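Notes for the structure review
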Amino acid sequence: MAATVELRELRRTFGDVPALQGIDVSLAGGEFLSLLGPSGCGKTTALRLVAGFDRPDSGRVLVDGKDITSVRPSRRDMGMVFQAYSLFPNMTAAQNVEFGLRIRKHARAARAKRVRELLESVGLEQAGKRYPHQLSGGMQQRVALARALAIEPRVLLLDEPLSALDAKVRVQLREEIRRIQTQLGITTIYVTHDQEEALSVSDRVAVMHGGRIEQVGTPVEMYSAPATPFVAEFIGTMNRLEATVATDGGVDFGGRRIAVDAARSRTAGERVLVLVRPEVLDLEPFENGVEPTGGLVGEVVSQTFLGSVTRVKIDVGDGELTADVGTVRVESLPVGARVIATFPSSSARVLALADSVEHVS
Amino acid sequence: MRRRFIAPSSLVWLVLAAAYFLIPLVATLLFSLRDSQTGTCCSLGAYGTIFDDPQFAKTLWLSFKLAVETVVISLVLFVPTVYWVHLKLPRLRPVIASLALLPFVVPPIVLVVGMLDVYGGWSPGWFYSTPQFLVAAYVVLAFPYVFFALDAGFRAIDVHTLTEASQSLGASWRTTLGRVIIPNVRTAALSGALLTLAIVMGEFTIASLAAFHTFPTYIQYVNQTQAYPAAALTLISFGITWFAMLGILVAGRRPGGRQMAMRGGG
């Protein structure tokens, strides 16, 4: 049965710098949780506390309900894959995988069988006799994953294991990690700063910022319903419109009225931040001289080709908006063209501006 | 296959450098081969004189024994210390590096007098009155060589990650040090050991001042009394050093062929 993990009110300060300011998160057995955030947000510190390489100033780490905060790392039964290549240079790939089993005094035949199985599961059955320096970065991390799994850990910890690899290998390996994790049903905490990576492999994602967890949710929830402007900006691209709630339920943005369903529950006159994803923003050429109600007129300032879509930036006077437009349509929106941007009233999120200023700053 | 091309200017420098080292050796060799009676070439008499002298084997064995003891004590003391400093106390590294320079600036006479004074009052006779006493001085003397060699070795590996990886797999501190860390600083430790061996095998001042008869004091004695055997002895001690170096190089070779590799990409 896969282990449950709870992080309760974890705090850690380095000198005067608070790295963690009270982390609370729980993982169900077999769950894959990603700690996502920018550099310095405390995600690796949190992982190191779970692994036992560091002690919290306060708070507890529980596995299956048992407090392991003061248990030595060697006694925690947690497999870990590190950001830096961590294979023992004096051992072959097979000896690296076997290391934890030797420590546990498994029989030679059982060790050999397990090493073979694990190297096979990471696609390196032929590389067992090679030394770390004879393996590519991707292969080294595969062996490191096999080594971490060899001891049948209760929890698997991954600290940005793909950050040193090139893009193609990264995508390949993250899919492999997820496949193996699902197959083994092992509870996993994955630290990354790459939102695409976190969203593509996790059951849930916890976005961290300034030593705190901003929001925890499924990848879809995080993308479609960000709880804070930081989450909104960190996950995907987001247009931010500072506006005032109008009496008719819409919002007033720089003197222009826009329909936003989410603003109806707000008090008229309240300052809010309207969040709109680029893919819901629709652009049409604007030829008429009078600005219509419900749309934002601006001028195309740049186009960035991204394949099937092209990212178009328009200047609407009170700021810039970003829209993802189908590449086949983009010819009608050249740089310098006047366009009108609209979006469905139900597709925008509204957050109080007071909160957002604090978070964004 | 492309032929390697050596520029003539490089060849000139190579020959000059080789001559700088080889001419004295060849001259010493030729000198050592002269007959002690006639002074003409070529006789192995000088070598015979050395090998027949019981003091040769006795002092060589004593110096070798002291060197091995110094190497063992130095490594036992410094490998865990340097490991711990790199892992937990990196701020102490410059302090220890400064301390390691002290044996270079403290004159041997000060070291000997100081140590005789320190150990004189309380240490047992088998230590204080025998050449074993020299080991205490030699460990101090070897400190910079062992420390800087080990320090370079520890800098070449990711001590933190290797330690944490080992611990996460269930290894204790002792297992981590023995199976993961030491094998990966083996070359550095062997370099430190070689330097220590060379220093102790050639250390004259302290042994002479403390009035112990070691291999270097024997060389000095022969040098003052017998010309041709002295040259032979010089070459023999040179050969011993080379043999020791070769031994270290052979022992330092490891499977896989590289100390540590960090490679990125796919």
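Not measured: the values here are computed from a predicted model. (Residues numbered from 1 in each chain as written. Chains lettered and ligands numbered in written order. Predicted model: local features only at pLDDT ≥ 70, side-chain atom pairs only at ≥ 80, totals over all residues.)

Quick look at the overall build of chain B
- If you tally the helices and strands in chain B, you get 14 helices and zero strands.
- Seen in sequence order, chain B has helices and strands lined up from the N terminus as α-α-α-α-α-α-α-α-α-α-α-α-α-α.
- A principal-axis box enclosing the C-alpha atoms of chain B has dimensions of 75 × 70 × 30 Å.
- Residues classed as buried in chain B amount to 29% of the 266 residues present.
- Considering only intrachain contacts with a sequence separation of at least 6, the fraction spanning at least 24 residues in chain B is 77%. (Helix = DSSP H or I, 4+ residues; strand = E, 2+ residues; numbered from the N terminus. Buried ≥ 20, exposed ≤ 12 C-beta atoms within 10 Å, placed from the backbone. Contact = placed C-beta atoms within 7 Å.)

Describing the nonpolar core
- Ranked by internal contacts, the top residues of the largest apolar core, which has 147 residues, are Leu119(A), Leu157(A), Val274(A), Ala341(A) and Leu150(B).
- A per-element tally of this core places helix H8 (residues 132-155) of chain B first, with 15 residues.
- In this structure, this core is formed jointly by two domains, domain 1 (5-232) and domain 2 (237-360) of chain A, each of which donates at least three residues.
- If we ignore the near neighbours within four places in the chain, the residues touching Val274(A) are Leu241(A), Ala243(A), Val251(A), Val260(A), Ala348(A) and Val350(A). (Core = buried A, V, L, I, M, F, W, Y, C linked by C-beta atoms within 7 Å. Domains from an automatic or database assignment.)

Regarding the interface of chain B and chain A
- Taken residue by residue, the interface counts 25 residues in chain B and 31 residues in chain A.
- Secondary structure elements with two or more residues in the side of chain B that touches chain A: helix H9 (159-168) and helix H10 (173-184) of chain B.
- Among the residues forming the side of chain B that touches chain A, the class breakdown is nine nonpolar, 11 polar and five charged. (Nonpolar A, V, L, I, M, F, W, Y, C, P; charged D, E, K, R; others polar.)

Let's talk about helix H11 (residues 186-202) of chain B
- End to end, H11(B) covers 24 Å across 17 residues, agreeing with the expected 24 Å (1.5 Å per residue, within 8%).
- For H11(B), the full list of buried residues reads Thr187(B), Ala188(B), Ala189(B), Ser191(B), Gly192(B), Ala193(B), Leu194(B), Thr196(B), Leu197(B) and Val200(B). (Expected span 1.5 Å × (residues − 1).)

Some thoughts on the sheet that holds strand S1 (residues 5-14) of chain A
Residue and element names in this part refer to chain A.
- The strand order S2-S1-S4-S5 describes an open sheet built from four strands, whose pairing is antiparallel. Across the chains shown, the open sheet's two edge strands, defined by having one partner strand only, are strand S2 (17-27) and strand S5 (66-67).
- Two elements, strand S4 (residues 58-63) and S5, share two bridges in a ladder whose sense is antiparallel. Considered in S5, the bridge of valine 63 is made with lysine 66.
- In the packing of helix H1 (residues 43-51) onto the sheet, the strands contacted are S1, S2 and S4, and the crossing angle to S1 comes to about 120 degrees. (Pairing = 2+ DSSP bridges. Axes fitted to C-alpha atoms, helices over the stretch in contact; angles between N-to-C directions.)

What about the domain arrangement of chain A?
- When the domains of chain A are assigned, the result is domain 1 (5-232) and domain 2 (237-360).
- The distance between the C-alpha centroids of domain 1 of chain A and domain 2 of chain A comes to 39 Å.

Quick word on unusual backbone geometry
- Phi at Lys105(A) is positive, roughly 55 degrees, even though this residue is not glycine.
- As for its placement among the helices and strands, Lys105(A) is situated in the loop between helix H2 (93-103) and helix H3 (108-121).
- We note that Ala211(B) has phi near 65 degrees; this positive angle belongs to a residue other than glycine.
- Looking at the element boundaries, Ala211(B) is found in the loop between helix H12 (205-209) and helix H13 (215-225).

Some details on the sheet that holds strand S20 (residues 349-352) of chain A
Residues and elements named next belong to chain A.
- Read across the sheet, five strands follow the order S13-S12-S11-S14-S20 without closing on themselves; strand pairing throughout is antiparallel. Two strands in the sheet have a free side with no partner beyond their single neighbour: strand S13 (256-258) and S20. The average undirected angle you get between the axes of adjacent strands in this sheet is 40 degrees.

A short note on the packing of helix H3 (residues 54-87) of chain B against H9(B)
Residue and element names in this part refer to chain B.
- Where H3 meets H9, the closest approach of the two axes is 9 Å, and the angle between their N-to-C directions is 100 degrees. Taken together, the axes of H3 and H9 are roughly perpendicular relative to one another. For the pair formed by H3 and H9, the contact residues are Tyr83, His86 and Leu87 on the first element and Val159, His160 and Thr163 on the second.
- Residues that form the contact of H3 with H9 fall into these classes: three nonpolar, three polar and no charged. (Parallel < 35°, antiparallel > 145°, perpendicular 65-115°, else oblique.)

Examining helix H1 (residues 8-32) of chain B
- Between its terminal C-alpha atoms H1(B) stretches 35 Å, which fits the 36 Å expected from 25 residues at 1.5 Å a residue.
- Along H1(B), the sharpest kink reaches roughly 35 degrees, centred on Leu22(B) and followed within four residues by the proline Pro24(B). (Bend = angle between axes of the 7 residues up to and from the residue.)

Things to note about the confidence of the model for chain A
Residue and element names in this part refer to chain A.
- Per-residue pLDDT for chain A averages 90, and the proportion of residues at 70 or more is 96%.
- Of all the helices and strands in chain A, helix H9 (residues 353-360) carries the lowest mean pLDDT, 51, while strand S3 (residues 32-36) carries the highest, 96.
- Contacts of residues 356-361 to residues separated by more than four positions or lying in other chains number eight contacts, the stretch itself having pLDDT below 50. (pLDDT = per-residue confidence, 0-100.)

Re the environment of Pro107(B)
- Turning to its location among the elements, Pro107(B) is positioned in the loop between helix H5 (102-105) and helix H6 (108-120).
- The spatial distance from the C-alpha of Pro107(B) to the C-alpha of Ile206(B) is 9.9 Å, given a sequence separation of 99 residues.

Concerning the environment of Trp84(B)
Residue and element names in this part refer to chain B.
- Mapped onto the elements, tryptophan 84 comes out in helix H3.
- Using a count of 14 C-beta atoms within 10 Å as the deciding quantity, one classes tryptophan 84 as partly exposed.
- Tryptophan 84 sits 75 residues away from valine 159 along the chain, and the two C-alpha atoms are 9.6 Å apart.

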